Structure formats: structure tokens, C-alpha cells
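This is what each chain is made of:
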Amino acid sequence: MNEDRHTLIRTASYEADPAEVGRVLLLYSGGLDTSVMLKWIQDEYEAEVVALTVNLGQPGEDYEVVRGKALLLGALECHVVDAREEFARDYVLPAIKANALYGGGYPLFTALGRPLIAKLAVQYAREAGCDTIAHGCTGKGNDQVRIEGTVVALDPDLKIIAPVRGWQMGREEEVVYAREHGIPVKGGTEVPPYSIDDNLWGRSSEGGPIEDINEPPHDDVFQLVTRPELAPDEPEDVTVEFEAGTPVALNGERLELVELLESAGEIGSRHGVGIVDHIEDRIVGLKVRDLYEVPAAELILTAHKELEKLVGTIHQNTFKPQLDSHWAYLVYAGLWYEPLLSDLNAFMEAVNEQVTGVITLRLFKGSCRPVARRSPNALYDPALAGFGESGGLFSQQASPGFIELWSLSSRMAYNLRNRGKS
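Residues numbered from 1 in each chain as written. Predicted model: local features only at pLDDT ≥ 70, side-chain atom pairs only at ≥ 80, totals over all residues. Heavy atoms only, no water.

A. Local environment of the overall build of the chain. Of regular secondary structure, the chain possesses 14 helices and 14 strands. The principal-axis extent of the C-alpha atoms belonging to the chain is close to 90 × 55 × 45 Å. In the chain, of all internal contacts separated by at least 6 residues, the share reaching a separation of at least 24 is 73%. Summing over all exposed atoms, the chain offers an accessible surface of approximately 21100 Å²; the carbon and sulfur share of this is 51%. Of the side chains in the chain, 38 bear a positive and 65 a negative charge, and the two mean positions are spaced by 6 Å. (Helix = DSSP H or I, 4+ residues; strand = E, 2+ residues; numbered from the N terminus. Contact = heavy atoms within 4.5 Å. Areas by Shrake-Rupley, 256 points an atom, 1.4 Å probe, with all protein chains shown as cover. Lys, Arg positive; Asp, Glu negative; His and termini not counted. Charge placed at Lys NZ, Arg CZ, Asp CG, Glu CD.)

Below you can see the structure in the form of C-alpha cells.
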């Protein structure tokens with residue numbers, strides 16, 4: 001037993017007392033950090049480890065390989081959970097209805113996944129008799145806040161350890177540790193240029209050359225979206241159909257939500273759509289640069305916002321974006337169980353009852369713009385809006401009286417405040 005672990009200073013009530021850690025539920029990806037962590041926890045805490053791996057639509061993962069690696073490294077069990085449908089239905093869909101973008105650019109795919117992962121961690125920890133949950137988040141990121149805040153909300157009796165925050169190992173030291181303990185290193189031992197996170201709603205890259213904000217992103221960062229200059233030379237029109245705010249069809253073909261999001265991502269990627277080079281304010285106080293590839297989100301959110309605008313009144317369309325922005329902030333900040341978020345969700349559901357129809361998007365070398373719209377709930381009437389006719393429901397003769405009353409307060413204030421001025 002490593003006696004130094006007893007000297008760790010705990011700053012939160014839910015942090016584990018090292019002497020009381022018996023069985024740990026480890027959120028396990030199969031990568032270097034969590035593989036080292038799996039072995040390290042056994043050695044440092046003399047604890048048993050149960051691994052949990054969550055599939056949120058990360059491309060290219062072989063989950064049987066991940067499971068086998070965890071068991072090889074001493075995990076009592078490794079649970080692999082396919083949570084794609086729950087993620088799409090209960091996390092991505094509310095984000096669509098809220099047009100969720102943090103800081104005007106980030107579609108929250110990582111932030112949406114973390115509360116689900118944490119919820120599953122609590123569930124499997126209880127079932128496996130674990131007293132502690134471990135994750136691989138650093139002390140500089142938002143994910144530690146999202147995971148720990150969710151765990152503590154759902155089960156205050158569970159304790160948490162976050163080895164990366166305390167073990168002071170960089171990647172090179174982790175590689176050495178892995179070699180010494182016979183831990184297979186995915187992709188060899190070469191230091192990768194970027195830190196990657198992905199799921200069916202998008203992909204993020206950070207670190208390495210991206211940290212130089214004076215430089216454009218290097219071409220090697222784009223692993224999901226085609227670089228716009230290499231995208232097809234002909235545009236493609238794509239129709240997205242919604243029913244009560246839920247996307248239900250692409251190009252007239254009805255699809256289940258997971259399949260629809262994956263198909264939208266493939267189409268958008270082909271046309272270079274969804275690249276976001278973003279300067280972001282993290283909730284821990286840091287300002288960072290992230291490179292996002294979010295083709296599915298770009299298509300679906302663009303179409304949803306356009307349809308919402310078509311069916312909403314002027315008052316709904318000026319007010320809802322303020323709530324959309326706050327919804328995104330709460331989720332970004334890891335407050336999935338904040339009562340205000342539940343209140344906002346009720347509002348989003350009410351507004352989206354009318355968001356039924358079809359939007360046609362034109363994709364071309366990185367751009368995604370609406371070019372056609374139709375909805376049975378559209379508040380657009382060509383007979384009223386057109387310039388070809390007069391009279392009817394819209395009386396142009398009534399306009400002077402409206403203008404006089406509408407401008408009355410402003411005109412009075414202007415004249416009063418400019419008395420005596422030439």
C-alpha cells in the first residue's frame with residue numbers, strides 16, 4: 001500500500017478517503033489514460049476495479065477489444081453499454097429543440113454525453129457494489145464538473161477519485177508506466193498531436209498545434225469532415241423533415257433518430273459542412289481554442305431554427321433565443337439536474353409542438369443554408385405578404401394610424417430631449 005495516498009488533501013465532501021476505497025467503478029475508454037488508471041488504482045488503493053465503457057456512437061471503436069483489454073489489466077468486470085438510442089432521444093433531441101449552441105458555436109456534443117455517462121456510472125456502481133467512481137478527466141476541463149456534479153446529485157453516498165488531477169504524469173510518464181506494467185498502448189507509444197473526443201453528434205480536437213491561436217488549423221486535424229476546398233464542386237439539396245421539433249426524415253426517407261443523425265453527419269461531412277474553429281470560455285476560468293467537426297449538428301440545427309422561425313410569432317422568435325442560450329449554458333456548465341433546466345425544457349416542448357414541416361438545405365463547400373420551407377403551421381400567407389394584391393385581411397389604409405401610435409412614445413421623447421437645439 002502506498003502510504004502517501006493517505007496524505008492527500010480533500011477539498012470536497014464527496015472525494016474518496018483513500019483508506020476507505022474498496023471497489024471502484026472506472027469509466028474506461030480503453031485509451032492510455034484510463035488503461036494506466038485501471039492498473040494504478042489497483043496498486044495505489046489496493047482496490048478492486050469494475051470497468052464501464054459507454055458507446056455514444058464513437059466511430060471506429062472495437063468494443064470487444066476494449067472489454068478484453070480491461071479484463072487483461074485486472075478488472076473484475078467490464079460492462080460495455082450501447083447508449084446511442086438513449087443519448088439521441090433524451091440528450092441530443094432536447095438540445096435540438098433548444099437550438100443549443102454554447103458561445104454561438106459549440107453544439108455541446110461532449111457536454112450532452114457526460115451526464116448520461118455519469119448516470120450510467122451511478123447505476124452500474126450500485127449494481128456492482130462499488131463505493132467509489134473514478135474518471136479520467138483533468139483538473140483544467142469542464143468534464144470533471146459535469147461528471148462529478150451528476151454523480152453527487154444522483155447518489156450522494158458514492159465517492160469519487162480523479163487520478164489524473166493528482167498523479168502528475170504527462171503522456172510520456174504514462175507511456176513509461178504502461179511499459180513497466182505490461183499495459184498495451186493503443187496506436188503505439190508516439191505522442192498524438194491532438195486530444196480527441198467524439199460521439200454521434202460531433203467530434204472535438206484540442207491541444208498540440210491548435211493551441212497556437214495565431215495559426216490556422218493544420219490539415220491533419222480534419223478526420224471527420226472533408227476540407228471545404230476538397231468538397232464536391234456541385235451543391236446538394238437535402239430535405240429535413242420535423243414533427244413537433246423532432247427530426248424524422250432525410251430526403252423523404254423516414255429514419256429512426258440515431259440513424260438519421262448518422263446519415264446527416266455523413267452527408268454534411270462529404271460537403272465540408274460543420275467545421276467550427278472556436279475560442280471558448282470554460283467554466284473553470286480558462287479561455288481555450290477548440291476545433292469542432294459537427295456536420296450532423298450543423299444540418300439539423302440549421303433546419304430546425306429555420307422551421308421554428310417560420311411557425312413562431314415575432315414575440316416567440318425574439319424571446320426563445322435568449323432561453324436557448326441559457327439552456328446551452330446550463331448544459332455546458334454541467335448542471336443537467338438544475339431545476340431551471342427542467343423548467344426550460346417544458347418551455348421548449350411547448351414551442352416545438354408547432355415545429356412540424358420540411359426545410360430544404362443547400363450544401364456546398366462548407367456552407368449550409370436554407371433554400372426552401374414548408375409547414376402546415378407556417379405563419380406565412382402569400383396572399384398577405386405578397387405585393388401583388390391590396391386589401392383583404394391586411395388593410396394598407398390602416399397603416400398611418402398604426403404608425404402614429406407605434407412611434408408616439410419615441411417621437412415625444414426625441415422632441416423633449418432635443419428642445420432648444422438647433
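Anyway, onward from the coordinates.
B. The arrangement of the sheet that holds strand E7 (residues 202-206) in detail. Taken in spatial order, the four strands line up as E6-E7-E12-E11 in an open sheet, and their pairing is antiparallel. Each having just a single partner strand, strand E6 (195-199) and strand E11 (275-281) make up the two edges of the open sheet. Across this sheet, the average inter-strand angle for adjacent strands is 25 degrees, counted without regard to direction. Bridge count for E7 against strand E12 (residues 287-293) is three bridges, and the pairing is antiparallel. Residue pairing across strands places Arg203 opposite Glu293, the latter belonging to E12. (Pairing = 2+ DSSP bridges. Axes fitted to C-alpha atoms, helices over the stretch in contact; angles between N-to-C directions.)

C. Fine view of the sheet that holds strand E2 (residues 48-55). Sheet architecture is open: five strands sit in the order E3-E2-E1-E4-E5, paired in parallel fashion. The sheet is open, and its two borders are formed by strand E3 (77-82) and strand E5 (159-161), each paired with just one other strand. Going from strand to strand, the sheet's axes swing by 25 degrees on average, the running direction of each strand aside. Where strand E1 (residues 23-27) meets strand E4 (residues 132-134), three bridges bridge the pair, whose relative direction is parallel. By the bridge assignment for E4, Leu25 is matched with Ile133.

D. Region of the structure containing helix H2 (residues 63-72). Listed in full, the buried residues belonging to H2 are Tyr63, Val66, Lys69 and Ala70. One side of H2 holds all its buried residues, which, seen down the axis, span an arc of 120 degrees. Residues of H2 that are exposed and point more than 90 degrees away from the buried face comprise Glu64, Val65 and Leu72. Those residues of H2 hidden inside the fold are in contact with helix H1 (32-45), E2 and E3. (Buried < 20%, exposed > 50% of the residue type's maximum accessible area, 1.4 Å probe, protein only. Arc of directions from axis to C-beta.)

E. Here's a closer look at a negative patch on the surface. The grouping of Glu85, Glu253, Glu256 and Glu259 at the surface amounts to a negative patch. Assignment of secondary structure puts Glu259 in helix H8 (residues 257-270). (Patch = residues over 30% accessible without salt bridge, like charges linked within 9 Å, V, L, I, M, F, W, Y side chains within 5 Å. Salt bridge = Lys/Arg side-chain N within 4 Å of Asp/Glu carboxyl O.)

F. Spotlight on the environment of Pro115. Assignment of secondary structure puts Pro115 in helix H4 (residues 109-128). When residues no more than four places from it in sequence are discounted, the contact partners of Pro115 are Tyr91, Thr150 and Trp336.

G. Region of interest: the pairing of E12. The element E12 is largely enclosed, with a buried count of six among its seven residues. Summarising the sheet, E11 and E12 pair through seven bridges and their orientation is antiparallel. Following the sheet pairing, Ile275 is matched in E12 by Glu293. Connecting the antiparallel pair E11 and E12 is a turn made up of five residues, with Gly285 showing a positive phi of about 105 degrees.

H. Representation of the pairing of E2 in the model. Most of E2 is tucked away, with seven of its eight residues classed as buried. Two elements, E1 and E2, share five bridges in a ladder whose sense is parallel. Looking at E2, one finds that Arg23 is bridged to Glu48. Viewed along the sheet, the connection from E1 through H1 into E2 turns out right-handed. As paired strands, E2 and E3 are joined by six bridges and run parallel to one another. By the bridge assignment for E3, Asn55 is matched with Asp82. In this view, the connection linking E2 to its parallel neighbour E3 by way of H2 has right-handed handedness. (Right-handed = clockwise from strand over helix to strand, strands pointing away.)

I. Examining the pattern of salt bridges more closely. Tallying each qualifying case throughout the model produces 27 salt bridges. A salt bridge links Arg89 to Asp90; the nearest nitrogen and oxygen atoms lie 3.0 Å apart. Among the residues examined, Asp90 registers a relative accessible area of 31% and is labelled partly exposed.

J. Representation of the packing of helix H3 (residues 84-97) against helix H9 (residues 295-311) in the model. Where H3 contacts H9, the axes come no closer than 9 Å and their chain directions differ by 45 degrees. Taken together, the axis directions place H3 and H9 in an arrangement best described as oblique. Contact residues: Ala95, Ile96 and Lys97 in H3; Ile300, Leu301, His304 and Glu308 in H9. Among the residues forming the contact of H3 with H9, the class breakdown is four nonpolar, one polar and two charged. (Parallel < 35°, antiparallel > 145°, perpendicular 65-115°, else oblique. Nonpolar A, V, L, I, M, F, W, Y, C, P; charged D, E, K, R; others polar.)

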